[in-house]
Amino acid sequence: MAKIKVKQIGSPIRRPEVQRKTLIGLGLNKMHRVSELEDTPEVRGMIRKVHHLVEVVD
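This section reports on the structure supplied with the text.

Conventions we followed
Residues numbered from 1 in each chain as written. Predicted model: local features only at pLDDT ≥ 70, side-chain atom pairs only at ≥ 80, totals over all residues. Heavy atoms only, no water. Core = buried A, V, L, I, M, F, W, Y, C linked by side-chain atoms within 4.5 Å. Buried < 20%, exposed > 50% of the residue type's maximum accessible area, 1.4 Å probe, protein only. Contact = heavy atoms within 4.5 Å. Helix = DSSP H or I, 4+ residues; strand = E, 2+ residues; numbered from the N terminus. Pairing = 2+ DSSP bridges. Axes fitted to C-alpha atoms, helices over the stretch in contact; angles between N-to-C directions. Salt bridge = Lys/Arg side-chain N within 4 Å of Asp/Glu carboxyl O.

What to know about the nonpolar core
Residues I4, V6, L23, L26, L28, L37, V43, I47, V50, L53 and V54 constitute the largest nonpolar core, which totals 11 residues. Not counting residues within four places of it along the chain, the set of residues in contact with L53 comprises K7, Q8, I9, G10, S11, R15, Q19 and L23.

Shown next, in the form of structure tokens:
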């Protein structure tokens, strides 16, 4: 299956707890970290939920 790289570009400070837990679920918890995940609908949904805090890296 295809892989997708996600980079955290926004801080979780002053964000709802749901968004913080979504970042942790994506394997991100510090600025500028990159996580490589399987490209599944579940992961796409998590990225969509915190799209303002992450970017997809090529």
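Side note on the environment of T40
Within the fold, T40 resides in the loop between β2 (34–38) and α2 (41–49). Linking T40 and M1, residues 39 residues apart in sequence, is a C-alpha distance of 8.6 Å.

Observations regarding the sheet that holds strand β1 (residues 3–8)
Strand order in the open sheet made by the 3 strands is β2-β1-β3, with antiparallel pairing throughout. Of all strands in the sheet, those bounded by a partner on one side alone are β2 and β3 (54–57). The sheet shows a mean angle of 35° between the axes of neighbouring strands, direction not considered. Where α2 meets the sheet, its contacts fall on β1, β2 and β3, and the angle it forms with β1 comes to roughly 20°.

So, the pattern of salt bridges
Pairing between side chains of opposite charge can happen when the charged atoms of each approach one another. Counted under the stated rule, the structure contains 2 salt bridges. For E38, the salt bridge identified is with K3, shortest N-O distance 3.0 Å. One end of the pair, E38, is in strand β2; the other, K3, is in strand β1, with 35 residues separating them in the sequence. Salt-bridge contacts for R44 lead to D39; the nearest nitrogen and oxygen are separated by 2.7 Å. Its relative accessible area of 39% is what places R44 among the partly exposed residues. Of the residues examined, D39 reaches a relative accessible area of 25% and is grouped as partly exposed.

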